[in-house]
Amino acid sequence: MRLATWNINSLKARLPRVEAWLAELEPDVVCLQETKLADAAFPALTFRALGYEAVHHGEGRWNGVAILSRVGLEDPEFGFGGDTAEADPEARLVWATCGGVRVASAYVPNGRSLDDDHYQYKLRWLARLRDLLASTADPSDPVVVAGDFNIAPTDEDVWDPAEFVGATHTSTAERAALAELESWGLTDTFRLRQPEPGLYSWWDYRAGNFHKHKGMRIDLVLGTRPVADRVTFATIDRNARKGQQPSDHAPVIIDIAD
DNA sequence: ATGGTAGCGCTGCTA
């Protein structure tokens, strides 16, 4: 099974590129983030014509997550579940079982700055994800949580860690929240196969950062042991960050042996 | 160099 995650920064703006990319890379399961679409505007028929079932969780203007699958798509769930009082006010998490793997597409809050309420929302959001996994899943089962985590796991995942002192994406609390997910039973599957530093999945649109190799690895495919032990190949598709109207993120792709 | 670009949508927020 080939599984990918890609923050596409508006599916409306990116649909032609996503269609061409599906035909070229032939992923079986795709986790998308930042669709920026309401559910009614999600182009399910376009994906169906390409052989993919899909589930989408969106609010319209911001956020929005989806899963595409050509190996079956069952038991979709949205957000953290529970009643409306506990519902996430933003559309950042969707689940489905695809080809025997319980898959989540996650768009972790950015955090904005360490003194912003949104940063506390980010930390709470990650803790809720950890609690949800602990209460609804088992680390001995095949589970993948893939998406834009807005966290660089280590300093080797950032072009210049000094630029992020006092900022989000590298703070101790964020990395601790990620470590809590790992302590439950998730592994950074890309890092398992690609140990070298300086491999990034996001580059700011501004100041020519992509061409200066000033990026961060913040898009992760986390998998439980049954998944991680079967990962045969991992890559970041930098070509998807080039050319006309790219997203500011590149897809992360994992191949999992049957 | 306290900037820069992209998306949404029409004003400024979000990233």
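Residues numbered from 1 in each chain as written. Chains lettered and ligands numbered in written order. Predicted model: local features only at pLDDT ≥ 70, side-chain atom pairs only at ≥ 80, totals over all residues. Heavy atoms only, no water.

A. Up close: the environment of P109. Among the structural elements, P109 can be located in the loop between β7 (101-107) and α3 (117-136). The residues touching P109, leaving out its near neighbours within four places in the chain, are R92, H118, Y121, K122, W125 and N150. (Helix = DSSP H or I, 4+ residues; strand = E, 2+ residues; numbered from the N terminus. Contact = heavy atoms within 4.5 Å.)

B. Region of interest: the pairing of strand β6 (residues 93-98). By the criterion of burial, β6 is predominantly enclosed, with six of the six residues buried. With burial as the criterion, each face of β6 is covered, one bearing L93, W95 and T97 and the other bearing V94, A96 and C98. Across three bridges, strand β5 (residues 74-78) lies against β6 in antiparallel orientation. When the bridges of β6 are listed, E77 appears paired with W95. Relative to β7, β6 runs antiparallel, the two being bridged by six bridges. When the sheet's bridge partners are listed, V94 is paired in β7 with S105. Between β6 and β7, which pair antiparallel in sequence order, lie two residues; one of them, G99, sits at a positive phi of approximately 55 degrees. (Buried < 20%, exposed > 50% of the residue type's maximum accessible area, 1.4 Å probe, protein only. Pairing = 2+ DSSP bridges.)

C. Seen up close, the packing of aromatic side chains. Taken as a whole and judged by the stated rule, the model has five aromatic pairs. Ring geometry for W6 against W21: centres 4.8 Å apart, planes inclined by 50 degrees, an arrangement best described as tilted. In this pair, W6 is assigned in strand β1 (residues 2-7) and W21 in helix α1 (residues 11-25), connecting sequence segments 15 residues apart. Each member of the pair, W6 together with W21, is buried. Aromatic side chains W203 and F210 sit 4.8 Å apart centroid to centroid with 90 degrees between the ring planes, which places their arrangement in the edge-to-face category. Among the residues examined, W203 registers a relative accessible area of 0% and is labelled buried. (Phe/Tyr/Trp six-rings, centres within 6.5 Å; stacked < 30°, edge-to-face > 60°.)

These figures come from the coordinates and say nothing about function on their own.
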